[in-house]
Amino acid sequence: MTGHLYGVGLGPGDPELITVKAARLVEGADVVVHHAARHGRSIARRIAAPHLREGQIEEALIYPVTTEKTDDYRAVLEEFYERCAARLAEHLDAGRDVVVLCEGDPFFYGSYMHLHKRLSGRYPTTVVPGVTSVSAASAELGRPLVERDEVLTVLPGTLPPDDLARRLAATDSAAVLKLGRTFGGVRAALDEAGRLDDAWYVERATTDQQRALPLAEVDPESVPYFSVAILPSRVHEQTRRDLPEPVAAGEGRGEVVIVGLGPAGREWLTPEAQDALATADDLVGYAPYLARVPANPRQERHASDNRVESERAEFALALAERGRRVAVVSSGDPGVFAMAAAVLEVAAEDRWKDVPVRVLPGLTAANAVASRIGAPLGHDYCVLSLSDRLKPWDVIASRLAAAAAADLVIAIYNPASKTRKEQVAKARDVLLEHRSPDTPVVIGRDVGGPEESVRVVRLADLDADGVDMRTLLLVGSSQTTAAERGDGRTTVFTPRRYPS
């Protein structure tokens, strides 16, 4: 079996810009190959040095010429690459993996590509991209290359100045490489194209020898080969100048967004809700619900007790009136026994009528529990709360009786609390006046949370054991069916077709 050939891009010079994959391959290679001029120093090897290990075979490929004049430069280099490819083929034939180190990217004016064309058809080959000098220069300048529909042109400085000038005049943005001795011609081409004042110069980008300045100020005698000329995005500069002055938090147009968090963790949160939470200046809500939103030091958090909904709503509206972007968090869906109604009721007062208020839906507890057991809400159903804190028990009982008599599936919120246990039994007795004792009842607690449990009982066996404010009950209709699956699990569903 032959070895594997890797052309590994190391980036422009900063060792921290090596990719994880490149570092792994360098460390694991049998043979590490680098190019160097006749002085023997290799920039690529220096970048990769932290990842080299004892016992690796190193092959230095010493260029016979670099920028020197010669009778047939191309023929000399082609012969050089033939000899180098033959050396590497011996290692590959012996089953050794060979990594060729490449400054920048292997396929971007890199020497590796000359070995690639000679060896890739004969041996398994992988090319690992690297950060190019163009990307590095743009990043170090803090100036984007292209924006919107702009066109980027990459040019070698070795082109004739007239050709360079024509291409530079015809493009939006450009990068010119291979400077060094060509710098004078490149500068003249930029001037002829009317782009000299836009051009920037970066040498040895990302290294401790980096230099960056307007290209018009560069001394041509000081330019090394490892430098690049950049014409950055003109659209970006224009749009940046046209940006409005930044508005500090509290000085813009405020609003209140009532956000449904769903029944549990982030996976139950809609992208729209995530965006509202991320962009808010202030988060307002019941302390346990607020704790479900990751802390962000940019934001102010205002936690409160569960029994101060009107005060919480007024507080949020007052913040928004001062220009703050306020997210009022609510478990499940904010419009179902939650904060949407409380905020909108207060917002209807004349004082707050000009404060924008939005409601973002969330996955309801009823839907979450139903999904865990099957499709008990597959036909008509109603939703009600057993809490008598805001309405008397007589109203609750009459609504339970009406829903049961109408043969609706019933989703029951807030069935019990620490101080309110007896209502589960009372509700069961009301329902049994209209429903079979065998009616399936789904008891879902902390669905989506760490203590999730879902079980099914007969209506006749329903009691308050294990039922609290984190529990939701789904009481079936006369058509709701509990069925055993082949794996032993119970599913509950209500058929969509009702008997005539």
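Residues numbered from 1 in each chain as written. Predicted model: local features only at pLDDT ≥ 70, side-chain atom pairs only at ≥ 80, totals over all residues. Heavy atoms only, no water.

Observations regarding the side chain of glutamate 255
Next up, step 1: The topology assignment puts glutamate 255 in strand β11 (residues 255-260).
Next up, step 2: Only 3.1 Å separates the side chain of glutamate 255 from the side chain of arginine 358, close enough to count as a polar contact.
Next up, step 3: Excluding residues within four positions of it along the chain, glutamate 255 makes contact with Ala320, Arg324, Arg325, Val326, Pro356 and Arg358. (Helix = DSSP H or I, 4+ residues; strand = E, 2+ residues; numbered from the N terminus. Polar contact = N/O pair within 3.5 Å; in protein donor to acceptor, adjacent residues only side chain to side chain. Contact = heavy atoms within 4.5 Å.)

A closer look at the pattern of salt bridges
Next up, step 1: Applying the stated rule across the entire model yields 27 salt bridges.
Next up, step 2: Residue aspartate 282 pairs with arginine 324 through a salt bridge whose shortest N-O separation is 2.6 Å. Placement of aspartate 282 in strand β12 (residues 282-286) and of arginine 324 in the loop between α11 (309-321) and β14 (325-330) is noted, with a sequence separation of 42 residues between them.
Next up, step 3: For arginine 324, a relative accessible area of 15% translates into the label buried.
Next up, step 4: Across the salt bridge formed by glutamate 321 and arginine 351, the nearest N and O atoms sit 3.6 Å from each other. With a gap of 30 residues between them, glutamate 321 in helix α11 and arginine 351 in the loop between α12 (339-347) and β15 (357-360) connect regions that are remote in the sequence.
Next up, step 5: The network of salt bridges with shared partners includes Arg445, Asp446, Glu451, Asp468 and Arg470. (Salt bridge = Lys/Arg side-chain N within 4 Å of Asp/Glu carboxyl O. Buried < 20%, exposed > 50% of the residue type's maximum accessible area, 1.4 Å probe, protein only.)

Here we look at the sheet that holds strand β19 (residues 440-445)
Next up, step 1: Spatial strand order, β17-β18-β21-β19-β20: 5 strands in an open sheet with mixed pairing. Two strands lie at the open edges of the sheet, namely β17 (381-385) and β20 (453-458), each paired on one side alone. Taken pair by pair, the neighbouring strands of this sheet meet at an average axis angle of 20°, ignoring direction.
Next up, step 2: When strand β18 (residues 409-413) meets strand β21 (residues 471-475), the two strands line up antiparallel, connected through 3 bridges. Bridge pairing in β21 places isoleucine 412 opposite leucine 473. (Pairing = 2+ DSSP bridges. Axes fitted to C-alpha atoms, helices over the stretch in contact; angles between N-to-C directions.)

Comments concerning the UniProt feature "domain: Tetrapyrrole methylase" (unreviewed entry) in the protein
Next up, step 1: Sites flagged by UniProt as "domain: Tetrapyrrole methylase" (unreviewed entry) map to residues 4-213 and 256-462.
Next up, step 2: Taken end to end, residues 256-462 is 33% helix and 24% strand, and its first and last C-alpha atoms sit 41 Å apart. (UniProt positions renumbered as here; feature names shortened; annotations may be inferred.)

A word on the pairing of β11
Next up, step 1: Burial of β11 is extensive: 6 of the 6 residues sit out of reach of the surface.
Next up, step 2: Alternating residues of β11 divide into Glu255, Val257 and Val259 and Val256, Ile258 and Gly260, and every residue in both groups is buried.
Next up, step 3: Strand direction decides the pairing type here: β11 and β14, joined by 6 bridges, are parallel. Considered in β14, the bridge of glutamate 255 is made with arginine 325.
Next up, step 4: Relative to β15, β11 is paired through 4 bridges, and the arrangement is parallel. Bridging from a neighbouring strand, valine 257 pairs with arginine 358 of β15.

Looking at helix α14 (residues 393-405)
Residues spaced three or four apart along an α-helix face the same direction, because each turn holds 3.6 residues.
Next up, step 1: In this model α14 runs 18 Å from its N-terminal to its C-terminal C-alpha over 13 residues, within 8% of the 18 Å that 1.5 Å per residue would give.
Next up, step 2: Residues Trp393, Ile396, Ala397, Leu400, Ala403 and Ala404 constitute the buried set of α14. Down the axis of α14, the buried side of the element spans an arc of 130°, and every buried residue falls inside it. Summarising the geometry of α14, the exposed residues directed more than 90 degrees from the buried face are Asp394 and Ala405.
Next up, step 3: Where α14 is buried, its residues contact β17, β18 and α15 (422-432).
Next up, step 4: Positive phi appears at aspartate 407, one or two residues downstream of α14, with a value of about 60°. (Expected span 1.5 Å × (residues − 1). Arc of directions from axis to C-beta.)

Focus: the packing of helix α6 (residues 161-170) against helix α7 (residues 183-192)
Next up, step 1: Running from amino to carboxyl end, α6 crosses α7 at an angle of 45°, the nearest separation of the two axes being 8 Å. With respect to α7, the element α6 is oriented oblique. The way α6 lies across α7 gives a crossing that is right-handed. Listed contacts from α7 to Pro161, Asp162, Leu164, Ala165 and Leu168 of α6 are Gly185, Val186, Ala189, Leu190 and Glu192.
Next up, step 2: Its residues assigned to classes, the contact of α6 with α7 comprises 7 nonpolar, 1 polar and 2 charged. (Parallel < 35°, antiparallel > 145°, perpendicular 65-115°, else oblique. Left-handed = near helix turned anticlockwise from the far one by under 90°. Nonpolar A, V, L, I, M, F, W, Y, C, P; charged D, E, K, R; others polar.)

As for the packing of aromatic side chains
Next up, step 1: The full count for this structure, using the stated rule, is 8 aromatic pairs.
Next up, step 2: With centroids separated by 6.0 Å and ring planes inclined at 80°, the aromatic side chains of phenylalanine 183 and tyrosine 201 adopt a geometry described as edge-to-face. Of the two residues, phenylalanine 183 is situated in helix α7 and tyrosine 201 in strand β8 (residues 200-203); the sequence distance between them amounts to 18 residues. Of the two residues examined, phenylalanine 183 and tyrosine 201, each falls in the buried class.
Next up, step 3: An angle of 85° between the planes, with centres 5.4 Å apart, marks the rings of tyrosine 225 and phenylalanine 226 as edge-to-face. (Phe/Tyr/Trp six-rings, centres within 6.5 Å; stacked < 30°, edge-to-face > 60°.)

Notes on the packing of helix α3 (residues 73-93) against helix α4 (residues 112-119)
Next up, step 1: At a closest axis distance of 9 Å, the pairing of α3 and α4 adopts a crossing angle of 60°. Looking at the two axes, α3 sits oblique to α4. Handedness of the α3/α4 crossing: right-handed. Mapping the contact onto sequence places Arg74, Glu78, Tyr81, Glu82, Cys84, Ala85, Leu88, Ala89 and Leu92 in α3 and His114, Leu115, Arg118 and Leu119 in α4.

Focus: the side chain of aspartate 468
Next up, step 1: Topologically, aspartate 468 is positioned in the loop between β20 and β21.
Next up, step 2: At 3.0 Å, the side chain of aspartate 468 and the side chain of arginine 445 are in polar contact.
Next up, step 3: Of note is the side chain of aspartate 468, whose polar atom sits 3.0 Å from the backbone nitrogen of arginine 470.
Next up, step 4: Beyond its immediate sequence surroundings of up to four residues, aspartate 468 is in contact with Pro415, Ala416 and Arg445.

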